[in-house]
Amino acid sequence: MPTHPIVAALRGRLGTDVPLATDADVLAAYSHDRAPWLAHGAPLAMVAPGDVDGVRHVLELAAEHRVPVVPRGAGSGLTGAANAVDGCLVLSTHRLRPEPRLDVDDRLVRVGAGTLNGEVKQAAAGVGLLYPPDPASSAFCSIGGNVATNAGGLCCVRYGVTRDWVRELDVVLPGGEALRVGHTAPKSVAGLDLVSLLVGSEGTLGVVTGATLALTRGPDRLVTVVASLPSLAAAGDVVLALRDRPEPPVLLEIMDATTIRAVEELAHLGLDVEAAALVLVQLPEEADGAGAAGPAGVEDVCRAAGATEVYATTEPDEARALLQARRLAYEAFERRGLPLLEDVAVDVSRLPALIAAIAGVAERRGVTIGTFGHAADGNLHPVILVEHDTPAARVLAQSAFDDVVEETLALGGTLSGEHGIGRLKLPYLARQLDPVALRLMQQVRAAFDPLGLMNPGSSLPA
Ligand SMILES: Cc1cc2nc3c(=O)[nH]c(=O)nc-3n(C[C@H](O)[C@H](O)[C@H](O)COP(=O)(O)OP(=O)(O)OC[C@H]3O[C@@H](n4cnc5c(N)ncnc54)[C@H](O)[C@@H]3O)c2cc1C
């Protein structure tokens, strides 16, 4: 097939230092994210500019040649939002990764879009500060991707989501215009809030090239508790009992028996494989009221819900190892087959109802569903596991997936707590949104991207 003229044009503009690949094996690696369920197209090329000017050239030429662009961070997304479409450019941000620039006085850090979440945490920790957003993929997902998906993670119950920590964004618009939106001040009400519009826009409005993020002081000492519960419903009771404490926990996660066993099989961490559910809680030591006049200690709350084992530690290394169990949940299912991952969320009071509804779907459809998630946010990740990939198994899994969506919407919940819509949830979006809101979103998208070149087929219906 002859090479598209944009490839030569890009080479001419960008020079030979910028990676620009058209070979099939490189393109294969850049054509999809971590959601194995979804089809993807064949890109024309992958291009990885190392600075804002490079991104501007790519978007300018894409507009001139009417070539679609799919922005890509680290490709750890779970909805196919970074999946290539036929004839697109994949614009990888992995080289937009300057050293994080810290401002300790104002507790800020400037980073590139390609900087990894874990690198920001590490830079902040080096000056005694904390960057709280903590997706389980922290070690390998990019800030640009976190911004584009409004990533959540393990610490949202106390610290909120990515949006709560973004002060400024540097963006290149479709067509190549560059701008900065937002303000470094903790408060600013000047014009429409374009930062909020861009956060969670899944690569449909422009390419984020950099960000100024807020930092905070973390608690001095944390207690981490892991409790074995006799049922997922009992785990739900623990969550409800702990969420309303005067000081919220830092994290409050659950894993069901299927997930516990899958993780143990992968990592041999010594988890209680007899438990029907594990609850993982972390909170500042002074907030665990055990023995004091304050709220009941976490251990007591777990035991009151029927916990058969409770283990608590203040040792940071031990705590990291316990949390690793939760971070490995998705990978553990990847090793066992083809995981079809959900990301549904409900009001926290409805968590027990959602847990029961998911169990009902598994039973009715006769499928394996492992459930884990950020329980204190009402956000669960049921994984429908296809162990033997056949067309019939896929149809069955898809039916179970549809049912979980249905049950969530019936509970007044949302299609996505944190992973976004991408291509996975696109067919369902109109079911959740007000049609007028949906029309406004499409108009906003067209205002940013009149030629419709940014990440087409993803995140919003055309
Ligand atoms: C094991 C595992 C655990 C995970 N745990 C969590 C979790 O706890 N919480 C959570 O929220 N997510 C989680 N995720 C999902 C994923 O890591 C997040 O969605 C993350 O924010 C994606 O970042 P990325 O850099 O990999 O983006 P990609 O997957 O490359 O892209 C995601 C979306 O962002 C767009 N995009 C990326 N960079 C830019 C940019 N610079 N400008 C404009 N658009 C851009 C893409 O077009 C795409 O739409 C997990 C994933 C895995 C594999």
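Residues numbered from 1 in each chain as written. Predicted model: local features only at pLDDT ≥ 70, side-chain atom pairs only at ≥ 80, totals over all residues. Heavy atoms only, no water.

**Some details on the overall build of the protein chain**
Then step 1. If you tally the helices and strands in the protein chain, you get 16 helices and 17 strands.
Then step 2. The C-alpha radius of gyration of the protein chain comes to 22 Å, within 12% of the 23 Å expected for a compact globule of 462 residues.
Then step 3. Its C-alpha atoms give the protein chain principal-axis dimensions of roughly 70 × 60 × 45 Å.
Then step 4. The buried share of the protein chain, taken over its 462 residues, is 53%.
Then step 5. Contacts spanning at least 24 positions in sequence make up 73% of the contacts within the protein chain whose residues lie at least 6 apart.
Then step 6. If the 37 positive side-chain charges of the protein chain are averaged to one point and the 56 negative ones to another, these points end up 4 Å apart. (Helix = DSSP H or I, 4+ residues; strand = E, 2+ residues; numbered from the N terminus. Rg over C-alpha atoms; globule rule 2.2 N^0.38 Å. Buried < 20%, exposed > 50% of the residue type's maximum accessible area, 1.4 Å probe, protein only. Contact = heavy atoms within 4.5 Å. Lys, Arg positive; Asp, Glu negative; His and termini not counted. Charge placed at Lys NZ, Arg CZ, Asp CG, Glu CD.)

**Some points on the state of the cysteines**
Then step 1. As enumerated under the stated definition, the model contains 0 disulfides in all.
Then step 2. Sulfur of C155: no disulfide; nearest cysteine sulfur belongs to C156 and is 7.3 Å away. (Disulfide = S-S within 2.5 Å.)

**Describing a nonpolar patch on the surface**
Then step 1. Together, L102, V104 and V127 make up an exposed nonpolar region whose accessible area comes to about 200 Å².
Then step 2. Relative to the helices and strands, V104 is located in the loop between β5 (101–103) and β6 (108–112).
Then step 3. Among the residues examined, V104 registers a relative accessible area of 43% and is labelled partly exposed. (Patch = residues over 30% accessible without salt bridge, like charges linked within 9 Å, V, L, I, M, F, W, Y side chains within 5 Å. Areas by Shrake-Rupley, 256 points an atom, 1.4 Å probe, with all protein chains shown as cover. Salt bridge = Lys/Arg side-chain N within 4 Å of Asp/Glu carboxyl O.)

**Observations regarding the packing of aromatic side chains**
Centre distance and the angle of the planes are the two values used to describe a pair of aromatic rings.
Then step 1. Scanning all chains against the criterion turns up 3 aromatic pairs.
Then step 2. When the ring of Y159 is compared with that of W165, the centres are 6.3 Å apart and the planes differ by 70 degrees; the resulting orientation is edge-to-face. W165 carries the same exposure label as Y159, and that label is buried.
Then step 3. With a centroid separation of 6.3 Å and 15 degrees between ring planes, the pair formed by F333 and F372 is classed as stacked. Of this pair, F333 sits in helix α12 (residues 329–336) while F372 sits in strand β16 (residues 368–374), and the two are 39 residues apart along the sequence. With respect to burial, F333 and F372 carry one shared label: buried.
Then step 4. Over the ring of W37 we find R394, and its NZ or CZ is 5.0 Å from the ring centre. (Phe/Tyr/Trp six-rings, centres within 6.5 Å; stacked < 30°, edge-to-face > 60°. Lys NZ or Arg CZ within 6 Å of the ring centre and 35° of its normal.)

**Describing unusual backbone geometry**
Among all residues save glycine, negative phi is the norm, and among peptide bonds the norm is trans.
Then step 1. Its identity as a non-glycine residue notwithstanding, N150 has a phi of 50 degrees, on the positive side.
Then step 2. A positive phi angle, near 45 degrees, is found at N455, a position not held by glycine.
Then step 3. Mapped onto the elements of the fold, N455 is located in the segment after α16 (435–448).

**Thoughts on the domain arrangement of the protein chain**
Then step 1. Domain annotation of the protein chain identifies domain 1 (5–92), domain 2 (101–214), domain 3 (220–329) and domain 4 (337–445).
Then step 2. In this structure, domain 1 and domain 3 have C-alpha centres spaced 42 Å apart. (Domains from an automatic or database assignment.)

**Re the sheet that holds strand β8 (residues 178–182)**
Then step 1. Pairing in this open sheet of 5 strands is antiparallel, and the strands run β5-β6-β9-β7-β8 from one edge to the other. If you trace the sheet from one side to the other, it starts and ends with β5 and β8, each paired once. Taking the axes of each pair of neighbouring strands and ignoring which way they run, one obtains an average angle of 15 degrees across the sheet.
Then step 2. Bridge count between strand β7 (residues 166–172) and β8: 5 bridges; the pairing is antiparallel. Residue pairing for β8: D170 is matched across the bridge by R180. (Pairing = 2+ DSSP bridges. Axes fitted to C-alpha atoms, helices over the stretch in contact; angles between N-to-C directions.)

**Digging into the sheet that holds strand β1 (residues 20–21)**
Then step 1. The strand order β1-β2-β4-β3 describes an open sheet built from 4 strands, whose pairing is mixed. Because the sheet does not close on itself, it has two edges, and the strands there are β1 and β3 (69–72).
Then step 2. Across 3 bridges, strand β2 (residues 45–47) lies against strand β4 (residues 89–92) in parallel orientation. Looking at the pairing, M46 lines up with V90 of β4.

**Observations regarding the site of the ligand**
Then step 1. The environment of the ligand is made up of 36 residues, and the closest members are P71, S76, G77, S137 and S142.
Then step 2. A74 is positioned with one of its backbone polar atoms (N or O) 2.9 Å from an oxygen atom of the ligand.
Then step 3. Between S137 and the ligand, the recorded distance is 2.6 Å, taken from a side-chain N or O atom to an oxygen atom.
Then step 4. Look at the ligand: alone it shows 970 Å² of surface, and the protein chains cover 98% of it.
Then step 5. Only β3, α5 (143–149) and β9 (207–214) provide two or more residues apiece to the shell around the ligand.
Then step 6. Taken together, the residues of the shell around the ligand sort by class into 14 nonpolar, 18 polar and 4 charged. (Near = heavy atom within 4 Å. Polar contact = N/O pair within 3.5 Å; in protein donor to acceptor, adjacent residues only side chain to side chain. Nonpolar A, V, L, I, M, F, W, Y, C, P; charged D, E, K, R; others polar.)

**Things to note about the nonpolar core**
Then step 1. Membership of the largest hydrophobic core comes to 74 residues, with the highest contact counts inside it found for L169 and L213.
Then step 2. Ignoring sequence-local partners within four residues, the contact set of L213 consists of R107, L108, V109, V111, V120, Y131, I143, W165 and V166.
Then step 3. Within the second largest apolar cluster, 59 residues are counted, among which are L232, C302, L424 and Y428. (Core = buried A, V, L, I, M, F, W, Y, C linked by side-chain atoms within 4.5 Å.)

**Quick notes on the side chain of D449**
Then step 1. When you line up the elements, D449 lands in the segment after α16.
Then step 2. For the buried D449, which has no salt bridge, the nearest side chain bearing the opposite charge is R445, at an N-O separation of 5.1 Å.
Then step 3. Polar contacts involving the side chain of D449 include one to the main-chain amide nitrogen of M454, which spans 2.8 Å.
Then step 4. Beyond its immediate chain neighbours, meaning those up to four positions away, D449 contacts P174, T204 and M454.

**Examining the packing of helix α9 (residues 257–267) against α12**
The packing of two helices is summarised by the inter-axis angle and the distance between the axes.
Then step 1. Between α9 and α12, whose axes approach to 8 Å, the crossing angle comes to 80 degrees. Classified by the angle between their axes, α9 and α12 sit roughly perpendicular to one another. Contacts between α9 and α12 involve T258, T259, A262, V263, E265 and L266 from the former and A329, E331, A332, F333, R335 and R336 from the latter.
Then step 2. Looking at side-chain class alone, the contact of α9 with α12 contains 6 nonpolar, 2 polar and 4 charged residues. (Parallel < 35°, antiparallel > 145°, perpendicular 65-115°, else oblique.)

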